[in-house]
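# Summary of structural features
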Amino acid sequence: MLVRVLLQLTVVVTLMILISTALFVGRYRLRDTRVEWRSRIRAAAPITIALAVVLLFNSVARQIVPDLSWMIDWNFTEPIYDIEGEFILWLQSQATPAVTAYFSFIYIYGYVFLLIFPVVAYFALSNTRPLRELLTAYTLNYALGLLLYTFVIAYGPRNMMPDLVEALLYDTYPQYQHLTRQVNRNTNVFPSLHTSLAATVSFLAYRTREIYPTWNLLAAGLGVSVAISTMYLGIHWVIDVLAGIVLAYISVELAGVLVGRWSLSEWLDGHVPSLGAFRDSNE
Amino acid sequence: MSDSVAGRTTTEAAEREASGDDGGGGNGISRRAALASTVGLTTATSGCVRQLRSIVNRDDIDPLSLTITTLPADGDRESIRLAREIAAALEAAGIDTSIEMRSNEEFLRSVLINHDYDVYVGQHPGGTDPDFLYEALHSLYADERGWQNPFGFTNLLVDDLLESQRDVDGEQRREAVTSLLEALTVEQPFVPICTPIEHRLVRDDRFDGWDDGHLATRTGYLGLEPQTDGSGEQLRAVHMDARPSQNLNPINAEYRDRGTIADLLYDSLATDVVDIDGAHELEPWLAEDWVWDEGDDEAETEDQSSLTVELRPDCRFHDGEPLTADDVAFTYRFLADTALGGSATPAPAPRYRGQVAAIDDVEATDDRTLEFTVATGEEVAARALTVPILPEHVWTERAAAASVPGYRVAQGTTDAVVTDNVPPIGSGPFQFGDRTEREHVTLERFEDHFTSRDDVDLPEATVEELRVQIDPRSTSAIQLIEDDSADLTSSTLENYVIADIEETEDVRLLESPSWTFYHLGFNARKAPFGNPRFRQCVAQLIDKSWVVDEVFHGHADPIATPVAGEWVPEELAWDGADPELPFLGSDGDVDVDAARTAFEAAGFRYDGDGNLRVRH
């Protein structure tokens with residue numbers, strides 16, 4: 001079941017990325033990329049490794065985070081529900097099959113596309129700064145998100161009001177349960193990492209609006225859709241989504257500060273001359 | 001001059017007393033102290049101050065607010081829905097109510113182990129025999145951890161009734177049980193709400209025999225007849241609860257509900273054979289036979305009788321070690337005290353407490369024979385034979401106190417009650433194969449099991465492997481069955497999906513009765529939940545018929561008393577409404593005035609804003 005869902009996801013997202021690359025990136029940037037890809041990869045390598053390490057750690061930590069959370073035992077569901085009341089119910093009362101299909105598509109496919117495509121789009125730029133900022137912001141999102149998940153136990157609306165908030169995604173498309181439970185634990189809803197990562201992409205797309213004006217618009221639309229989908233599908237509270245946007249903002253700002261502050265290659269040049277010489281000769 | 005000195009002295013005394021007599025109400029003291037010092041100084045006579053003191057030194061009663069502890073929808077959809085309906089009813093009656101959701105094991109840890117709750121809503125494993133009430137409610141167990149009296153309920157009259165139903169058999173016992181149930185209906189140590197009707201989905205094309213054994217018991221998984229050449233290789237179950245993939249300890253309370261999977265790994269001397277319609281009978285399992293000796297043995301007092309149990313020959317544990325009468329005797333000693341005398345006080349297991357308490361003494365007279373001295377009637381004592389038999393060579397060392405460096409572990413916490421016990425070494429028809437947490441636990445047939453012998457006429461494991469796949473939702477579990485990726489749902493399906501299930505030639509919906517029940521449990525250790533009048537009023541705020549329709553979609557039976565159908569006395573049978581404590585309202589809506597009158601008649605008070613004020 002999981003394999004089938006994964007395969008479907010891969011095919012659809014790959015198609016979306018190919019089309020978007022043709023539309024937004026264009027032939028000339030791809031041509032330059034063919035020439036410059038080595039140096040770009042080298043520039044992005046340190047942060048890519050950092051992101052990979054955080055993701056790897058994340059997948060291991062996910063096994064023990066619930067145990068730690070229950071030892072700390074800060075249960076936020078009731079306070080969240082107290083503050084925001086029944087907004088989710090109102091949102092779900094707008095449900096139609098078409099809207100449900102749209103938001104389910106966005107939650108799974110739109111989200112994955114939104115996260116992967118900017119990596120391709122920014123890799124196609126000679127200036128590697130947007131790419132490095134993007135990967136840094138992703139890393140920060142995961143790292144800070146995991147920290148919050150460790151401290152806060154909160155169940156989503158579908159767990160609190162199963163009769164009123166329909167678990168639209170899992171009841172309409174039960175196969176996705178297999179996919180999402182690989183990634184998510186039901187006590188980890190604060191903040192919405194779906195929202196924070198989507199908002200991160202939207203914020204950065206706004207920063208690069210001069211380079212990719214159309215992508216800026218699409219990313220904004222998709223970002224808002226992802227945020228709404230998490231609530232519409234009964235997975236997150238409004239407060240989770242707001243916290244996700246704050247987390248995205250912090251991550252993007254921090255990424256802006258951090259990127260370019262330290263250069264691994266300069267450090268290497270200073271400390272390991274032979275390696276630097278080797279690299280120069282290679283170019 | 002002298003007046004003002006006297007006034008000051010009195011003031012100081014009043015302040016001292018005011019701060020000394022009550023450590024709890026923070027703002028009460030400061031208000032009182034302030035009043036006393038400012039007003040006291042200007043008051044001329046000591047008589048006036050005394051009256052003032054009489055007035056200000058009376059504590060107000062606070063409005064009641066309580067928390068309902070329960071499971072989230074992923075854990076038990078019906079529990080959270082019930083909790084929300086009950087919260088709404090309590091709010092209507094002027095009680096400020098909040099809900100705390102905890103994961104399955106954390107919920108049970110709060111309720112059973114730490115007793116850290118006000119009230120809770122959940123499913124009780126119940127029992128096919130009403131004797132489960134003995135461990136659930138006897139006051140001697142109020143401070144123990146586990147399924148034994150999690151309510152902290154203490155009532156000497158109920159203790160007597162709990163004991164007297166244990167001492168007798170047959171018709172006399174039925175009468176004793178009736179008296180007990182009547183007393184419990186008055187006391188309401190917990191509010192029994194309804195008994196669910198269990199639904200499971202099975203595939204008929206690969207196996208036959210689903211209608212023989214109840215799928216919440218071990219025999220449900222034995223004796224199935226493979227219908228195709230390949231189907232004997234693997235029985236594919238879908239389980240909606242991840243806990244069996246995390247912990248397989250048969251005596252752990254937090255990770256077991258009814259312990260069906262643990263029962264496939266561990267044998268007991270006798271087994272309760274329950275068929276799909278709920279009819280059940282206790283039959284010999286690991287014991288070949290048992291014989292009662294009426295109390296003519298001189299070592300026995302007149303209340304005791306003895307039971308001789310003969311084990312089946314040549315039984316072995318999954319690790320190849322022989323299973324002897326010593327292991328059985330060890331098991332009963334160990335369940336009564338998992339510290340085996342090594343702790344300052346006994347540390348009884350959090351499950352099987354009532355069964356083990358029925359046995360006064362057990363002695364292995366040879367490799368295959370045991371002599372039990374029992375303190376109860378035959379019916380109850382025979383049920384003591386259903387506990388899982390543990391290998392002495394594995395569990396002896398688990399009598400040690402669990403330890404975490406630098407942390408003071410709760411007294412009575414032995415390794416035995418907290419171990420994950422993976423891999424489990426039992427003697428049951430299946431042995432442990434493999435597991436991945438939250439994905440699957442796979443059991444393999446234990447070839448040496450006595451059920452596979454020619455001379456034993458009991459259902460045996462007919463499949464090479466039982467793979468229990470974890471899938472947390474009914475909808476995806478149903479899809480697995482429909483896609484022929486699974487043969488049965490071993491957990492019960494959630495009620496809201498049942499109406500949408502389309503049965504086909506191969507896919508069939510099984511319906512079977514349950515001996516579990518949903519209930520509202522009170523923590524009688526806390527005020528006002530120790531007050532039976534309060535509990536009665538709360539019981540009348542729950543519209544049991546309505547929640548059965550609304551929350552359970554009709555797939556449950558409302559109950560006034562928590563025992564299996566055959567034990568319900570006529571006067572406590574459901575007759576469209578609760579026979580003793582009818583709902584105060586209609587169609588789920590609480591009649592606020594009637595509720596208020598009921599609470600007031602029970603001695604509680606309301607303030608001007610309609611909040612119930614209770615000393616707590």
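Conventions adopted
- Residues numbered from 1 in each chain as written.
- Chains lettered and ligands numbered in written order.
- Predicted model: local features only at pLDDT ≥ 70, side-chain atom pairs only at ≥ 80, totals over all residues.
- UniProt positions renumbered as here; feature names shortened; annotations may be inferred.
- Helix = DSSP H or I, 4+ residues; strand = E, 2+ residues; numbered from the N terminus.
- Rg over C-alpha atoms; globule rule 2.2 N^0.38 Å.
- Buried ≥ 20, exposed ≤ 12 C-beta atoms within 10 Å, placed from the backbone.
- Contact = placed C-beta atoms within 7 Å.
- Core = buried A, V, L, I, M, F, W, Y, C linked by C-beta atoms within 7 Å.
- Pairing = 2+ DSSP bridges.
- Axes fitted to C-alpha atoms, helices over the stretch in contact; angles between N-to-C directions.
- pLDDT = per-residue confidence, 0-100.
- Nonpolar A, V, L, I, M, F, W, Y, C, P; charged D, E, K, R; others polar.
- Parallel < 35°, antiparallel > 145°, perpendicular 65-115°, else oblique.
- Left-handed = near helix turned anticlockwise from the far one by under 90°.
- Expected span 1.5 Å × (residues − 1).
- Domains from an automatic or database assignment.

As annotated in an unreviewed UniProt entry, chain B carries the name ABC transporter substrate-binding protein and is attributed to Natronorubrum halalkaliphilum. Under the UniProt heading Sequence similarities (unreviewed entry), the entry covering chain B gives this text: "Belongs to the bacterial solute-binding protein 5 family."

In the nomenclature of an unreviewed UniProt entry, chain A is known as Phosphatase PAP2 family protein of Natronorubrum halalkaliphilum.

## Focus on the overall build of chain B
Along chain B, the regular secondary structure elements total 18 helices and 25 strands. The C-alpha radius of gyration computed for chain B amounts to 28 Å, which stays within 12% of the reference 25 Å derived for 616 residues, consistent with globular compactness. Overall, chain B is about 105 × 60 × 55 Å in size when its C-alpha atoms are taken along their principal axes. Across the 616 residues in chain B, those meeting the buried criterion constitute 49%. Taking as baseline every contact in chain B between residues at least 6 positions apart, the subset at least 24 positions apart corresponds to 69%.

## A few points about the overall build of chain A
Regarding its fold elements, chain A presents 13 helices and 0 strands. For chain A, the N- to C-terminal ordering of α and β elements is α-α-α-α-α-α-α-α-α-α-α-α-α. Against the globule reference of 19 Å for 283 residues, chain A gives a C-alpha radius of gyration of 20 Å, in line with a compact fold. Overall, the C-alpha framework of chain A stretches about 65 × 45 × 35 Å when taken along its three principal axes. Taking all 283 residues of chain A together, the buried fraction comes to 40%. In chain A, of all internal contacts separated by at least 6 residues, the share reaching a separation of at least 24 is 89%.

## Description of unusual backbone geometry
Each neighbour pair has its own omega, and for phenylalanine 190 of chain A with proline 191 of chain A the value is -5 degrees, a cis peptide bond. Following alanine 527 of chain B, the chain continues into proline 528 of chain B via a peptide bond in cis, with omega recorded as 0 degrees. Among the structural elements, proline 528 of chain B can be located in the loop between β20 (517-522) and α16 (532-539). Non-glycine residue asparagine 149 of chain B carries a positive phi angle of around 40 degrees. Since 25 C-beta atoms lie within 10 Å of it, asparagine 149 of chain B is described here as buried. Even without being glycine, aspartate 587 of chain B reaches a positive phi, approximately 50 degrees. Structurally, the position occupied by aspartate 587 of chain B is in the loop between β22 (585-586) and β23 (589-590). Residue classification places aspartate 587 of chain B among the exposed positions, given that 10 C-beta atoms sit within 10 Å.

## Focus on the nonpolar core
If you look at the biggest cluster of nonpolar residues, it comprises 144 residues, and the most contacted ones within it are Leu114 and Ala198 of chain A together with Ile86, Ala93, Leu541 and Ile542 of chain B. Among all residues touching isoleucine 542 of chain B, those that are not within four sequence positions of it are Ile86, Ala89, Val191, Ile193, Leu520, Val547 and Phe583 of chain B. Among the nonpolar cores identified, the runner-up in size contains 73 residues, and Leu248, Leu269, Ala325 and Leu370 of chain B belong to it.

## Quick notes on the sheet that holds strand β13 (residues 359-364) of chain B
Residues and elements named next belong to chain B. Strands sit in the order β11-β12-β14-β13 across an open sheet of 4 strands; the sheet is antiparallel. Both outer strands of the open sheet, β11 (287-293) and β13, are each paired with one neighbouring strand and no more. Averaged over all adjacent pairs, the angle separating strand axes in this sheet is 20 degrees, with direction ignored.

## Remarks on the confidence of the model for chain B
Low pLDDT marks stretches whose predicted atomic positions should not be read closely. Residues and elements named next belong to chain B. Summary statistics for chain B give a mean pLDDT of 91 and a share of 91% for residues scoring 70 or more. Segment residues 1-28: pLDDT under 50, and 32 contacts once partners within four positions in sequence are set aside and those in other chains are kept. Both scores are available for the predicted complex, with the pTM at 0.89 and the ipTM at 0.87.

## Regarding the pairing of β20 of chain B
Residues and elements named next belong to chain B. Taken across its 6 residues, β20 has 6 buried, putting it largely inside the fold. The sheet contact formed by strand β3 (residues 119-124) and β20 spans 6 bridges and is antiparallel. Considered in β20, the bridge of histidine 124 is made with phenylalanine 517. Examined bridge by bridge, strand β4 (residues 190-196) and β20 share 4 bridges and lie antiparallel to one another. In the sheet register, proline 192 faces β20, and the bridge partner there is histidine 519.

## Some thoughts on the interface of chain A and chain B
At the junction of the two partners, chain A supplies 21 residues and chain B supplies 19 residues. Sorting the residues of the side of chain A that touches chain B by element identifies α2 (77-84), α6 (157-160), α7 (168-172) and α8 (176-183) of chain A as the ones contributing at least two each. A class-by-class count of the residues in the side of chain A that touches chain B yields 8 nonpolar, 8 polar and 5 charged.

## Focus: the packing of helix α7 (residues 156-167) of chain B against helix α8 (residues 170-187) of chain B
A pair of packed helices can be characterised by two numbers: the angle between their axes and the separation between those axes. All names here are of chain B. Interaxial distance between α7 and α8 falls to 8 Å at its minimum, and their mutual angle equals 155 degrees. The orientation of α7 relative to α8 falls into the category roughly antiparallel. Regarding α7 and α8, the two cross each other, and that crossing is left-handed. Mapping the contact onto sequence places Leu157, Val158, Leu161, Leu162, Ser164 and Gln165 in α7 and Arg173, Ala176, Val177, Ser179, Leu180, Ala183, Leu184 and Glu187 in α8.

## Thoughts on the packing of helix α4 (residues 97-123) of chain A against helix α9 (residues 193-207) of chain A
Residue and element names in this part refer to chain A. It is the contact of α4 with α9, at a shortest axis distance of 10 Å, that shows an interaxial angle of 40 degrees. What the angle tells us is that α4 and α9 run oblique. The handedness of the crossing between α4 and α9 comes out as left-handed. Contacts between α4 and α9 pair Tyr111, Leu114, Leu115 and Pro118 from the former with His194, Leu197, Ala198, Val201, Leu204 and Ala205 from the latter. Each residue belonging to the contact of α4 with α9 can be placed in one class, and the counts come to 9 nonpolar, 1 polar and no charged.

## Brief notes about the UniProt feature "transmembrane region" (unreviewed entry) in chain A
Residue and element names in this part refer to chain A. Under the UniProt annotation, the feature "transmembrane region" (unreviewed entry) is placed at residues 6-26, 47-65, 101-125, 137-156, 215-235 and 241-259. Strand forms 0% of residues 47-65 and helix 100%; the C-alpha atoms that close the span are 25 Å apart. The span residues 137-156 carries 75% helix and 0% strand; its end-to-end C-alpha distance comes to 25 Å.

## Some details on helix α11 (residues 238-258) of chain A
All names here are of chain A. The first and last C-alpha atoms of α11 sit 30 Å apart over 21 residues, in line with the 30 Å expected at 1.5 Å per residue. Within the span of α11, buried status applies to Ile239, Asp240, Val241, Ala243, Gly244, Ile245, Leu247, Ala248, Ser251, Val252 and Ala255. Packed against the buried residues of α11 are α2, α5 (129-151), α9 and α10 (213-232). Immediately beyond the C-terminal end of α11, within one or two residues, lies glycine 260, with a positive phi of roughly 90 degrees.

## As for the sheet that holds strand β2 (residues 96-101) of chain B
Residues and elements named next belong to chain B. On the basis of which strands lie adjacent, the open sheet formed by 6 strands has the order β2-β1-β3-β20-β4-β21 and mixed pairing. The two strands at the open ends of the sheet, each matched to only one other strand, are β2 and β21 (556-558). Neighbouring strand axes in the sheet, compared pairwise and without regard to direction, differ in orientation by 25 degrees on average. Running at roughly 125 degrees to strand β1 (residues 65-70), helix α5 (residues 104-113) makes contact with β1, β3 and β20 of the sheet.

## Overview of α8 of chain B
All names here are of chain B. Between its first and last C-alpha atoms α8 spans 26 Å; for 18 residues at 1.5 Å apiece the expected length is 26 Å, and the two agree. By the burial criterion, the buried members of α8 are Arg173, Ala176, Val177, Thr178, Leu180, Leu181, Leu184 and Thr185. In this structure, the buried side of α8 is in contact with α6 (132-137), α7 and α12 (378-383).

## Some details on the environment of leucine 184 of chain B
All names here are of chain B. Tracing the sequence through the fold places leucine 184 in helix α8. Here leucine 184 falls in the buried class, since 25 other C-beta atoms lie within 10 Å of it. Considering only alpha carbons, one finds leucine 184 and alanine 524, 340 residues apart in sequence, at a separation of 14 Å. In this structure leucine 184 touches Val158, Pro189 and Thr561, once residues within four positions along its chain are discounted.

## Side note on the domain arrangement of chain B
Residue and element names in this part refer to chain B. Structurally, chain B comprises domain 1 (2-56), domain 2 (65-196 + 515-613), domain 3 (200-240 + 429-512) and domain 4 (252-427). Each of domain 2 and domain 3 has a C-alpha centre, and these two points are 33 Å apart. Tallying the contact residues gives 6 residues for domain 2 and 6 residues for domain 3. Residues of the side of domain 2 that touches domain 3, tallied by class, amount to 1 nonpolar, 2 polar and 3 charged.

## With respect to the environment of leucine 466 of chain B
Residue and element names in this part refer to chain B. Mapped onto the elements, leucine 466 comes out in strand β17 (residues 465-470). Exposure remark for leucine 466: the 24 C-beta atoms within 10 Å place this residue in the buried category. Between the alpha carbons of leucine 466 and phenylalanine 430 there is a distance of 8.1 Å; along the sequence they are 36 residues apart. Once residues lying within four places of it in the same chain are set aside, the contact partners of leucine 466 are Tyr221, Leu235, Ala237, Phe430 and Leu443.

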